[in-house]
Structures are given as structure tokens and as C-alpha cells.
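# Coordinates in review
Chain by chain, the residues run as shown.
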Amino acid sequence: MQIFTNTHYNFIKWRLHAVAFSTLFVLAGLGLLAMRGLNVGIDFAGGANIILRFNEPVPMDKLRGMLTDATIQSYGKPAENTVLIRLPQTGKEGDYAGQVVKSIYQTVNGDPAGKLDLNFIGRDAIAETLIPIDPDHKGSGIDAHDYYYNVGQSIISRRSEIGIYHSFSEVTSTPGVSSAVASQLSQRASIGKFNVLNQETVGPQVGRDLQRKAILAVILSTLAMGAYIWVRFDFKFGLGAIMCLIHDVLVAFAFLCMIHAEVSLIMVACFLMIVGYSVNDTVVTYDRARENQKKAKARLPFEEHLNEAINQTLSRTVLTSGSVVLVLVALIIFGGKVIHDFSWVLLIGVLAGTYSTLTIVPAFVIAWNNKVSQKKSDRPSATPRIEKLRVEPPAPARKKAKV
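Let me begin by describing the structure that accompanies this report.

Here is what the cut-offs are and how they apply
Residues numbered from 1 in each chain as written. Predicted model: local features only at pLDDT ≥ 70, side-chain atom pairs only at ≥ 80, totals over all residues. Heavy atoms only, no water. Helix = DSSP H or I, 4+ residues; strand = E, 2+ residues; numbered from the N terminus. Buried < 20%, exposed > 50% of the residue type's maximum accessible area, 1.4 Å probe, protein only. Areas by Shrake-Rupley, 256 points an atom, 1.4 Å probe, with all protein chains shown as cover. Contact = heavy atoms within 4.5 Å. Pairing = 2+ DSSP bridges. Axes fitted to C-alpha atoms, helices over the stretch in contact; angles between N-to-C directions. Core = buried A, V, L, I, M, F, W, Y, C linked by side-chain atoms within 4.5 Å. Salt bridge = Lys/Arg side-chain N within 4 Å of Asp/Glu carboxyl O. Phe/Tyr/Trp six-rings, centres within 6.5 Å; stacked < 30°, edge-to-face > 60°. Lys NZ or Arg CZ within 6 Å of the ring centre and 35° of its normal.

This brings us to the overall build of the protein chain. What the protein chain contains, in helices and strands, is 14 helices and six strands. For the protein chain, with 403 residues in total, the buried portion stands at 39%. Carbon and sulfur atoms make up 59% of the accessible area of the protein chain, which amounts to about 23,300 Å² in all.

With respect to the helices and strands, S264 occurs in the loop between α10 (235–259) and α11 (265–295). Not counting residues within four places of it along the chain, the set of residues in contact with S264 comprises D43 and F44.

The antiparallel open sheet is built from four strands, whose spatial order is β2-β3-β1-β6. Two strands close off the open sheet at either side, each with one partner strand: β2 (71–74) and β6 (194–202). Pairwise comparison of adjacent strand axes, ignoring direction, gives a mean angle of 15 degrees for this sheet. By the bridge criterion, seven bridges tie strand β1 (residues 47–54) to strand β3 (residues 82–88) in an arrangement that is antiparallel. Bridge assignment links I51 to a residue of β3, and that residue is L84. The strands touched by helix α4 (residues 96–109) within the sheet are β1, β3 and β6, with β6 carrying the most contacts at an inclination of about 150 degrees.

What follows concerns the nonpolar core. Counting residues in hydrophobic clusters, the biggest one holds 47 residues, and the most contacted among them are F271, Y286 and V345. Listing elements by their share of this core, those giving two or more residues are α9 (204–232), α10, α11, α12 (302–312), α13 (314–334) and α14 (340–378). The element that contributes the greatest number of residues to this core is α14, accounting for eleven residues. Once residues within four sequence positions are removed from consideration, F271 is found in contact with V218, V249, A252, F253, L256 and V345. Listed in part, the 20 residues of the second largest apolar core include L52, M60, I104 and Y105.

So, about the pattern of salt bridges. Inspection of the entire model under this criterion finds six salt bridges. With a shortest N-O distance of 3.2 Å, R86 and E262 are connected by a salt bridge. Of the two residues, R86 sits in strand β3 while E262 sits in the loop between α10 and α11, which places them 176 residues apart along the sequence. As a salt-bridge pair, E161 and R158 come within 3.6 Å of each other at their nearest N and O atoms. Taken as a pair, E161 and R158 lie in helix α6 (residues 142–162) at a separation of three residues, close to a single helical turn.

Throughout the structure, instances matching the rule amount to nine aromatic pairs. Note on Y9 and F11: the rings are 6.0 Å apart at their centroids and 70 degrees apart in plane angle, and the pair reads as edge-to-face. Under the relative-accessibility criterion, Y9 is labelled partly exposed at 44%. According to the relative accessible area criterion, F11 is buried, its value standing at 15%. Between Y105 and F120 the ring centres are 4.5 Å apart and the planes differ by 35 degrees, which places this aromatic pair in the tilted class. One end of the pair, Y105, is in helix α4; the other, F120, is in the loop between β4 (116–117) and α5 (123–133), and 15 residues separate them in sequence. Each residue in the set F54, Y105, F120 and F194 is aromatic and connected to the rest through ring pairs, giving one cluster. If you follow K138 out to its NZ or CZ, it ends over the ring of Y147, 4.6 Å from the centre.

Purely geometric numbers; function is a separate question.
Put into C-alpha cells, the structure is as follows:
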């Protein structure tokens, strides 16, 4: 599909303006980074992530009063009463998230009077409670143990299916739960106020290791892309591709610093997606420029070949970038707070990758090409070798015959 035909926009003309704009943008982001510091997430700094689902509206005030250093926000749809809790690491190894969940449980649920909380416990606790009682008269053998473990698994599976138990009727209607088992559970169990959907702890040592690997992933992927284009096309194109990828990552990182977004593993994935997207568009333009140089009948300056290639691939660039931008705008509007920063940084990276293909890459490629051409023109030419001309001796004069 062609939306631009026979265009002759002079993108090369604006390359230095684009370089100046990007430089100012990156410097502004780095200036804010120096003032406010980097908002390092739990993945790199260490800490705990906890996701809880309540069967009633989330007691935000109570949670914030307990966890003063935590970041607490709604998670998922409002009707699901789910909350995401992020806690910074205290510098110690161990089950930090488990300790925090236990503290929340004691504060929110109070004293359960020794009863099992069916929204909090697992399959084994249910089975170990039912086996000594044996409400279904299965005996004490291995088959009886397997039977009650399956009952416990059915109860936990049902809880995962509906998200959280709100009443005992949801437990008793679970397939595999007999009336005798339901009667015993009603006496020995209770329905707590929240269920733990996920809890994870990242120690400080693991966080530092993840941080090092994330930086290496971005750097090595950028160099690998540049090396591929160098081998596939030319050294100056490979150099331009590397500078383009560095530019796109720096612009996205500068914007991340401007909005003070959290740097986490999902942001590393965002930067890697920007690298992959940007190099794809660059390769298409380079390939067209190479074809034009081969097909050209008249010898044209390199700048004209490159500008013609950009105009010829302009429709593809706009359609591809436009499709991605529409998806990212939809994620920003409807995706929720969890991926809000991710969507914004990726959007800025895609836009930077688009205009860098049109202006930033030509700036570096043309500068390198002019430098190489200048060196060739300044190289002294070889002194021509003068060969001595061989002078043939004159032929002897013929004697006239006597008549």
C-alpha cells in the first residue's frame, strides 16, 4: 500500500536540526536524572512484590498505615478488589514478602481462633486437617491420604477459578467436597478477608546481578545489530545503525527520567523492543539505497541516493510506525497503571526510531562517507613512471644499381 508516491522530501537537509533536538532532549533527561536520581525498581534494587485480592473493598488506609515505605496501588479491574504492594529491600536476605504477608494477615484478619483460613492456606493444610478426622470413612491407608489430598486440591482449584471465596456456600458447592467434609470444614475453617495471588522476594545480591545482566543485554544487542548491518551492507551503514540504536535508547531513557518511571525488568524488555523495531526500519532503507546505487545510470552524490531511498520507503515507514503507535496509545488509555509507564516509554522509543531513520542515521552515515572521501582525495597520487623511449638507429641507405 502506497500513501506517498513520487515524493521528493529533502530529509537530508534537516539532519543536523534533528541531531541538535535529540541532544537537547537527552541532556534535559540526564539533568533531571542528576537532580532526582534513578527510580530503581525492586527487580534491581531488591525488595518484595505482593498481590492480594480482597473479598471486600481494599482497606487502603489500613495498609498504608502499616507499610509506610511501600508503594501500594490498585491492580487489575476495580471490581476485583486487587492491590499490588511493592516494598523496598531492607538489605537482608530471606523471605521478606512472606514476613510482610504474615503481618498483614494478623492485622486485617485478627485472631482466627485456630481455624483454617480457606482463602489463605494451601492443599496440604486442608488434607492434614481432614485425614485424622476421616469424615468420608476412607480409612488410614495410602488411598485415604490421596483421597483427602485430592479434596484439598479441588478446594484450592475452585478458589483459583473464582479468585477468592466470599462465603462457605462456594466451598461446599465445589465438586468432590462431600456433605461430611463440608460439615467438618464449617467447624474448623473460616473465610478470610484476602487471598495471596502472588508474592516474591528479590534479594540485594540477585538485584545487582539482574542489573548487570540487563545492561549487558541492551549493549550486546545493539552491537550485534550493528555488526550484522556492517557485514550485510557496509561499514558506514553498520556504524550508522549503532549510532541510531544508541540514539533511540538514550531518547527513551531520557524520557523515562523525565517522568521518573521505575526501572525494572519490564523496562529492559521495552528497550530491547525499541532496538529490534528501530533496526528493522533502518535495514529496509539501507537495502533500498544499495539497490538505487546499483541501478543508477548516472553517477549521483551519495546524499541523493540516500534521500531517494528514504522517500521510496516513506509509505512503509509511516504505515508501520502508525500501526504500532495506535496500539501503544490504546495501551496507554486502556492498559491500566501497571503498564502505563512501559507503554509511554515504548511509544517515545518508537517515535524516536522513526525519525532517527529519516534524519539521525543519514547524519552519521553522510558524515562518515564525507570523511572517508576526504581522506581519499587528500592521499598523494603515485608519481607516474616515465619510460625511456627506444630510438631505433636509422636504416642504411641503399646503393643505386649501376646501369
